[in-house]
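Understanding the architecture of this molecule
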Amino acid sequence: MNTAVADREFEFHARDFARVRALIYERAGISLHEGKQAMVYSRLSRRLRETSHLSFESYLKWLENGSGPQAQQEWQEFVNCLTTNLTSFFREEHHFHALADWLKARGSQPTRIWCCAASTGEEPYSLAMTVVESLGSHAPVKILASDIDTNVLATASRAVYDASSRGLTPQRLHRFFLRGKGANEGSIRVKPELTKMIEFRPFNLMQPSWQLGEPFDVVFCRNVMIYFDAPTQRKVLEHIHAVMKPKGLLFVGHSENFTESRDLFLLKGKTVYDRV
């Protein structure tokens, strides 16, 4: 990719892709491999149109040299474009069974849960449903749901989904959601007994200082580390370890393995770790 592709709307050279890779790694810890050129072009082209730039070189130079609120907003849009948000209700369902067992054994103790890649909200609402099913709607459980992508967090906060969303049983649909009528036919809204349990907050795992309040008993950090290289994974794990209580539970994605960090977390079950 030494020259721009002729039939593309915008000039996009190898050096542009290399610069995008460096910037998203610096900002979000995401490692983009060589096969992501087409994805980067497709997603960032929207930002060039929005900002009236005719080439990636021009856009990236403007992005790096900008200052003030407009530049900060565009950095957020840049990150939003390049993050991947694939989720559903009760994805990797065995995690929620394990959490339910843990909650029942714990009983009425106050509990803090952090969902650190909340995406469009299906995961934190699945956590809240699990809490209510295990301990009742007045359980002393608080959930912090964060994501680096402000667009998906806005969707999560709205708490409105398609009635045909994957992962929901008819029983859970009836118990935890309100069905839309009239113009909202085909939509469902999460009931207040779940939304009151969750605080949504933008958060970048790459920021050096993590001010997140009291230590967490449970952290869901699933399918996040697959986008990081090994040194970045280790750094994030050290931060997560620091904001958790001893013996707290860390849930990770099915393709993630942290047995090299046994000084921080010990494997407890299928993709579930104990904080040392």
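In case you missed it, the structure is sitting above this.
In short, a report on the structure. (Residues numbered from 1 in each chain as written. Predicted model: local features only at pLDDT ≥ 70, side-chain atom pairs only at ≥ 80, totals over all residues. Heavy atoms only, no water.)

Another aspect to go through is helix 1 (residues 14-28). With 15 residues, helix 1 ought to run about 21 Å at 1.5 Å a step, and its terminal C-alpha atoms sit 21 Å apart, in line with that. Buried within helix 1 are the following residues: Asp 16, Phe 17, Val 20, Leu 23, Ile 24 and Ala 28. The arc that holds the buried residues of helix 1, viewed along the axis, is 130 degrees, so those residues lie on one side. Exposed residues on helix 1 whose side chains face more than 90 degrees from its buried face are Arg 15 and Glu 26. Buried residues in helix 1 make contact with helix 2 (37-51), helix 3 (56-65) and helix 4 (68-82). Gly 29, located one to two residues past helix 1, shows a positive phi value of around 75 degrees. (Helix = DSSP H or I, 4+ residues; strand = E, 2+ residues; numbered from the N terminus. Expected span 1.5 Å × (residues − 1). Buried < 20%, exposed > 50% of the residue type's maximum accessible area, 1.4 Å probe, protein only. Arc of directions from axis to C-beta. Contact = heavy atoms within 4.5 Å.)

Attention now moves to unusual backbone geometry. With phi around 55 degrees, Phe 90 is a residue other than glycine that occupies positive phi space. Positionally, Phe 90 belongs in the loop between helix 4 and helix 5 (94-106). In this structure Phe 90 comes out as buried when scored by relative accessible area, which is 6%. Positive phi outside glycine occurs at Thr 271, with the angle close to 55 degrees. Structurally, Thr 271 is set in the loop between strand 9 (265-269) and strand 10 (272-275).

Before going further, it helps to spend a moment on the sheet that holds strand 5 (residues 187-190). On the basis of which strands lie adjacent, the open sheet formed by three strands has the order 3-5-4 and antiparallel pairing. Because the sheet does not close on itself, it has two edges, and the strands there are strand 3 (160-162) and strand 4 (177-179). Averaged over neighbouring strand pairs, the angle between their axes works out to 35 degrees when direction is ignored. Taken together, the three bridges between strand 4 and strand 5 define a ladder with antiparallel strand orientation. In the sheet register, Leu 178 faces strand 5, and the bridge partner there is Arg 189. (Pairing = 2+ DSSP bridges. Axes fitted to C-alpha atoms, helices over the stretch in contact; angles between N-to-C directions.)

This part covers the packing of aromatic side chains. Aromatic ring pairs are reported here in terms of the distance separating the ring centres and the angle at which the planes meet. What the rule picks out here adds up to 18 aromatic pairs. Ring centres 6.1 Å apart and planes at 40 degrees place the aromatic pair Tyr 59 and Trp 62 in the tilted group. With Tyr 59 and Trp 62 both in helix 3 and three residues apart, this pair spans about one turn of that helix. Taking the relative accessible area as the measure of exposure, Tyr 59 reaches 0% and is therefore buried. Here Trp 62 falls in the partly exposed class, since its relative accessible area comes to 29%. Put simply, the rings of Phe 89, Tyr 125, Tyr 161, Phe 177 and Phe 200 pair up and form one aromatic cluster. (Phe/Tyr/Trp six-rings, centres within 6.5 Å; stacked < 30°, edge-to-face > 60°.)

Within the secondary structure, Thr 232 is located in helix 10 (residues 230-242). Thr 232 sits in the buried class, given a relative accessible area of 4%. The sequence separation of Thr 232 and Tyr 25 amounts to 207 residues, and the corresponding C-alpha distance is 9.5 Å. What Thr 232 contacts, discounting residues up to four positions off in sequence, is Tyr 25, Gly 29 and Met 206. Within the structure, the side chain of Thr 232 is placed 3.2 Å from the side chain of Tyr 25, a separation counted as a polar contact. (Polar contact = N/O pair within 3.5 Å; in protein donor to acceptor, adjacent residues only side chain to side chain.)

Moving on, we get to the nonpolar core. Of all hydrophobic cores here, the largest spans 49 residues; its most connected members are Phe 78, Trp 114, Leu 205, Ile 240 and Leu 250. Secondary-structure elements contributing two or more residues to this core are helix 1, helix 2, helix 3, helix 4, strand 7 (216-221), helix 10 and strand 8 (244-252). Once residues lying within four places of it in the same chain are set aside, the contact partners of Phe 78 are Val 20, Leu 23, Ile 24, Leu 44, Tyr 59, Leu 60 and Leu 63. (Core = buried A, V, L, I, M, F, W, Y, C linked by side-chain atoms within 4.5 Å.)

Residues Val 152, Leu 153 and Ala 156 constitute the buried set of helix 7 (residues 150-158). For helix 7, the angular spread of buried residues about the axis comes to 100 degrees, placing them on one side. Structurally, helix 7 contributes buried residues whose contacts are with helix 6 (122-135), strand 2 (141-147), strand 3 and strand 6 (198-202). Looking at where helix 7 begins, the residue whose side-chain oxygen comes 2.9 Å from the main-chain nitrogen of Asn 151 is Asp 149. Positive backbone phi, at 65 degrees, marks Ala 159, one or two positions downstream of helix 7.

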